[in-house]
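Results of the structural survey
Here is what each chain is made of, one letter per residue.
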Amino acid sequence: ILPDTTIGYTNARMATILGYDTVDQLIGTSISDIITPAMQEVFMQLTKNDDTSQMRQYEFEFLTRDGTLVYTILSSAAVINEMNEYTGTVALVTDITALKNAREEEKIRQQQLIQADKMVSLGMLVSGVAHEVNNPNNFILLNIPLIRQFIEKSLPILDAYVEENGDFTIGKRL
């Protein structure tokens, strides 16, 4: 990267990453044309010549020729000549778009697994509640025929008792 923030040299891989057919199409391009607006300030930091040629590393976002976002790790160092003057920046760019996308997909999958786990827990809770509600219902349903049979056999005896003794109460009044 030259002091005027244009690309002075690049390799074929960088041209390919950014969607250019040849290196020559990228040479002379202003960096501000191939980075996202959010990266402008980071770019200004990496081109500062207040430091010696110390290597710095940034997570950096480039835009391809068609506007697609490319995530990279950018390692850069200022180039200082023998008169201690800033003459540009040398940068090594590693495309991490696939890695970043995979991490995002992993986060989505983890959230889906958490939701699925919640649904399993909810299903178990609902199943337990349904079981507790069904137990008394099943008890009643299973015993209705027995109670019906008891009442049918008891009614003639009770009717005969009423005729002989008059009205009566069974059980305790509340």
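These numbers come from a predicted model, not from an experiment.

Pairing geometry for strand E1 (residues 56-63) and strand E2 (residues 69-80), over eight bridges, is antiparallel. The residue of E2 that forms the bridge with Leu-63 is Leu-69. Connecting E1 to the antiparallel partner E2 that follows it, the hairpin turn spans five residues, and Gly-67 within it adopts a positive phi of roughly 95°.

Before going further, it helps to spend a moment on the layout of surface pockets. Here the largest pocket defines a volume of roughly 410 Å³. For the lining of the largest pocket, the secondary structure elements donating two or more residues are helix H1 (12-17), E1 and strand E3 (86-95). Across the lining of the largest pocket, the residue classes break down as 15 nonpolar, three polar and one charged.

Checked against the element boundaries, Ser-154 lands in helix H3 (residues 97-165). By relative accessible area, Ser-154 is classed as buried at 15%. A distance of 2.7 Å separates a polar atom in the side chain of Ser-154 from the backbone oxygen of Phe-150.

Let us now look at unusual backbone geometry. One can expect most non-glycine residues to show negative phi and most peptide bonds to be in trans. Even without a glycine there, the phi angle at Thr-5 is positive, about 65°. Along the chain, Thr-5 falls in the segment before H1. Phi at Asn-84 is positive, roughly 65°, even though this residue is not glycine. Along the polypeptide, Asn-84 turns up in the loop between E2 and E3.

Procedures and definitions
Residue numbers here run from 1 along each chain, matching the order of that chain's written sequence. Totals for whole chains, interfaces and linings use all residues, but because this is a predicted model, local features are given only for residues with pLDDT of at least 70 and pairs of side-chain atoms are given and counted only at 80 or more. Side-chain calculation: all heavy atoms of the structure are included, whereas hydrogens and water are not. At least two DSSP bridges between two strands are required for those strands to pair. Strands here mean DSSP runs of E at least two residues long; helices mean DSSP runs of H or I at least four residues long; both are numbered from the N terminus. The way it works is a 1 Å grid over only the protein atoms, where trapped points that fit a 1.4 Å probe form a cavity and open points with protein on both sides within 12 Å along at least five of seven lines form a pocket, and then any residue with an atom within 4 Å of a point lines it. Grid points are joined across faces, edges and corners, and a volume is the space filled by probe spheres set on the points. As a working rule, the residues Ala, Val, Leu, Ile, Met, Phe, Trp, Tyr, Cys and Pro are called nonpolar, Asp, Glu, Lys and Arg charged, and the rest polar, with Gly in that last group. Per-residue accessibility, obtained with a 1.4 Å probe over protein chains only, is compared with the maximum for each type, and a residue is labelled buried under 20%, exposed over 50%, and partly exposed between these values. Each polar contact in these results corresponds to two N or O atoms within 3.5 Å; when the atoms are within protein, one needs to be able to donate a hydrogen and the other to accept it, and residues that are neighboring in sequence are counted only if both atoms are side-chain atoms.

None of this, on its own, says anything about what the molecule does.
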